[in-house]
Amino acid sequence: MPPVEAWQKVFIDREAYFEQDVHSYINCTTCHAGQNVDDMDAAHEGMIADPAADPEAGCGDCHPDIAPYAADSLHFTLQGYDTAIYQRSSPENHPTLEHMESYHCSACHATCGDCHVSQPNAVGGGFLEGHVFVQTPPMSRTCTACHGSRVKNEYYGLNEGYPGDVHLRQGRMACEDCHDGAQMHGIDPNIPLDEDRHLNANHRYNGDREPKCESCHEDEIGVGSGILEHEIHGTELMSCQVCHSVSYTNCKNCHVDKTEDDVPFYTVEDHWLGFFIGRNPLQNNERPYRYVTVRHVPVDINSFDKYGDNLLDQFLSRPTWEYATPHNIQRNTPQTESCDSCHGNDEFFLTPDKLAQYGLDSELGGANLDVVVEHAPPLPENADELVERIKARIEAEGGTLEGGGMEAEGAQGGEELSGDEAFWGGGEEENAPAENADESFWGGGEEENTDQSAESADDAFWGGGDEGGADNTENADDAFWGGN
Amino acid sequence: MKKHYINVRWSLLVAIGLLVLAAALSGCAADTTAPELQPRPTDENAPTPVADLVEVSDSGMEMEGTGTPEVEFTDFACLDCHTDEEQLKALAVEPEKENLSEGPG
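Let me begin by describing the structure that accompanies this report.

The next thing to look at is the overall build of chain A. Per the secondary structure count, chain A includes 25 helices and five strands. The 484 residues of chain A split such that 46% are buried. Look at the contacts in chain A between residues 6 or more apart in sequence, and 66% of them connect residues 24 or more apart. When the accessible area of chain A is evaluated, it comes to approximately 23,000 Å², of which 50% is carbon and sulfur surface.

Next up, the structure:
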């Protein structure tokens, strides 16, 4: 984020605010309290710096369809943190943990202002646009200012060696194109306006599965899609990310602490890029998948030791590898290069040795046993036959079958193979070690390179690409999202 | 993408126009049905309809009638200071805060 000086953080762009903003007819003191007098100290007496700190009192009179829900949203309550932390500890530890959270989580807490008026405190604050209430939060100055270390790096392609998400590169999509206002405000859009529209989720992965890949890709998935992998696996066996995501950031052993003057800080012992298919730790109707991508949780058994002993005494009642939805979707990935880059290839699966390799000894066992995959599933014996049947059906319907590595764009040099051999690629290739597969995939294909250059074209509006937070992100956003 | 400042700006101008008109006529307009301000549903991104803004003005009018002066912006002491770069530079205190944290947050 651009460093904002103290005076700038309170400097209102008079022209912009009064010309553009519907709120500018409202008196400052109506929202902020305090007094309309010249003396600063007197003016600030009783003032409320963030009127949206109590959304219902501050905004609810005029936004009754939003404020009550936003006040109960995960962004505002941070209940997802509580859920994750309390699940791993006994009730008698919860008060101490709550005390800990009051130091370490409040900077992430998002009020209306953090999305619509100011940059979040976590990046130092400062108006988005001189106190104008911005309808669409500019993603790099709001969303990814908080969702920085994982989502931002994945989506923008800042993880070395991995291009940005196809929805950014090809689709030019902003966070809001999938995560709409309703979701951000904790509203279930399927419930009519005059009823209680609470989303009612106490964690980001236990409510409805929104947004859904299927809502935009309905015709391209499952049976009838004409893509071999989709035809064979359907839509419930594994999450889309199992095939369409690439490596993402995993963290371990985040420790929190505070200085003598009560300034909170944290350290992360280790973080690495990796891709792990595990068994679904949250299998339910909304998320029926047997296999999903899993990510190592940043918390370890001793993360909160500075606040008390053994606070996470139920640590292994939840897996340390959690359901994950990485934001780096690609059409082609190393694990889909051929059927055998995934089937029978332990490299991409969270096998028991990886538990030991990446976690602490204390993580072996417990709920992790539900996630770990003993060995990558072998290609079923009847796969050949199934493929033939699908092919025959699709040909009979007059279509062409994609996938199966046949059209792994660029990576295969565009060779048109036919028949069984095309799928099974003649044995040797399939068994090629995964590292080589990676290389040919990420290095070779021209198509991929085109994508990469599309990425640098993006640089112009992302403000220098390497750091989404470079100081020209502001202009960048404007140019990209149509300015104001 | 979807920014509607232009529309808002125009709507605002129209609204102010109507407000002035309404203020001029308020003596004879005995409208006691203060329409409640009802922002549109969240999942709509249509530009602000002028009607919404007129409603704001109308309810303001009502409040004026009941003695709550809310419709006109009057907090110029706050505004003048917060738009005066020199004064803010003189008054603002740079917080001393260094970031002790390490690693991805």
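Once that is clear, we can look at unusual backbone geometry. All names here are of chain A. For the peptide bond that leads from glutamate 210 to proline 211, omega is -10°, which places it in the cis range. Tracing the backbone through its elements, the reader meets proline 211 in the loop between α14 (181-184) and α15 (214-217). The phi torsion at leucine 78 lies on the positive side, around 60°, for a residue other than glycine. Position of leucine 78 relative to the elements: it lies in the loop between α6 (74-77) and α7 (79-86). For histidine 131, which is not glycine, the phi dihedral falls at a positive 80°. A relative accessible area of 12% places histidine 131 in the buried class.

According to the stated counting rule, one finds 14 salt bridges over all chains in the structure shown. The residue Asp80(B) makes a salt bridge to Arg14(A) at a minimum N-O spacing of 3.1 Å. A residue pair is termed interchain when its members come from two chains, as with Asp80(B) in helix α3 (residues 76-82) and Arg14(A) in helix α1 (residues 14-20).

Residues and elements named next belong to chain A. Summarising the sheet, strand β1 (residues 248-258) and strand β2 (residues 264-274) pair through ten bridges and their orientation is antiparallel. Following the sheet pairing, valine 256 is matched in β2 by tyrosine 266. Taking the residues that link successive antiparallel strands as the turn, the β1-β2 hairpin has five residues, and the phi of aspartate 262 there is positive, at about 70°.

A word on the nonpolar core. Residues and elements named next belong to chain A. Membership of the largest hydrophobic core comes to 24 residues, with the highest contact counts inside it found for Phe276, Ile277, Tyr291, Val294, Trp321, Phe349 and Leu350. Elements supplying a minimum of two residues to this core: β4 (291-296), β5 (321-323) and α19 (352-358). Sorting elements by how many residues they give to this core places β4 first, with three residues. Counting residues in hydrophobic clusters, the runner-up holds ten residues, among them Leu97, Met100, Leu311 and Phe315.

What follows covers the packing of aromatic side chains. Counted by the stated rule, this structure contains 15 aromatic pairs over all chains. Ring centres 5.5 Å apart and planes at 65° place the aromatic pair Trp7(A) and Phe11(A) in the edge-to-face group. Of the residues examined, Trp7(A) reaches a relative accessible area of 11% and is grouped as buried. Phe11(A) gets classed as partly exposed once you look at its relative accessible area, which sits at 26%. Look at Trp272(A) and Trp321(A): their rings are 6.5 Å apart centre to centre, the planes differ by 65°, and that puts the pair in the edge-to-face class. A residue pair is termed long-range when its members are at least 10 positions apart, and Trp272(A) in strand β2 and Trp321(A) in strand β5 qualify at 49 residues. Pairwise contacts between aromatic rings join Tyr17(A), Phe18(A), Phe73(B) and Phe76(B) into one cluster. Over the ring of Tyr103(A) we find Lys258(A); its NZ or CZ atom is 4.9 Å from the centre of that ring. Over the ring of Trp7(A) we find Lys89(B), and its NZ or CZ is 4.7 Å from the ring centre.

About the thresholds
- Residues numbered from 1 in each chain as written.
- Chains lettered and ligands numbered in written order.
- Predicted model: local features only at pLDDT ≥ 70, side-chain atom pairs only at ≥ 80, totals over all residues.
- Heavy atoms only, no water.
- Helix = DSSP H or I, 4+ residues; strand = E, 2+ residues; numbered from the N terminus.
- Buried < 20%, exposed > 50% of the residue type's maximum accessible area, 1.4 Å probe, protein only.
- Contact = heavy atoms within 4.5 Å.
- Areas by Shrake-Rupley, 256 points an atom, 1.4 Å probe, with all protein chains shown as cover.
- Salt bridge = Lys/Arg side-chain N within 4 Å of Asp/Glu carboxyl O.
- Pairing = 2+ DSSP bridges.
- Core = buried A, V, L, I, M, F, W, Y, C linked by side-chain atoms within 4.5 Å.
- Phe/Tyr/Trp six-rings, centres within 6.5 Å; stacked < 30°, edge-to-face > 60°.
- Lys NZ or Arg CZ within 6 Å of the ring centre and 35° of its normal.

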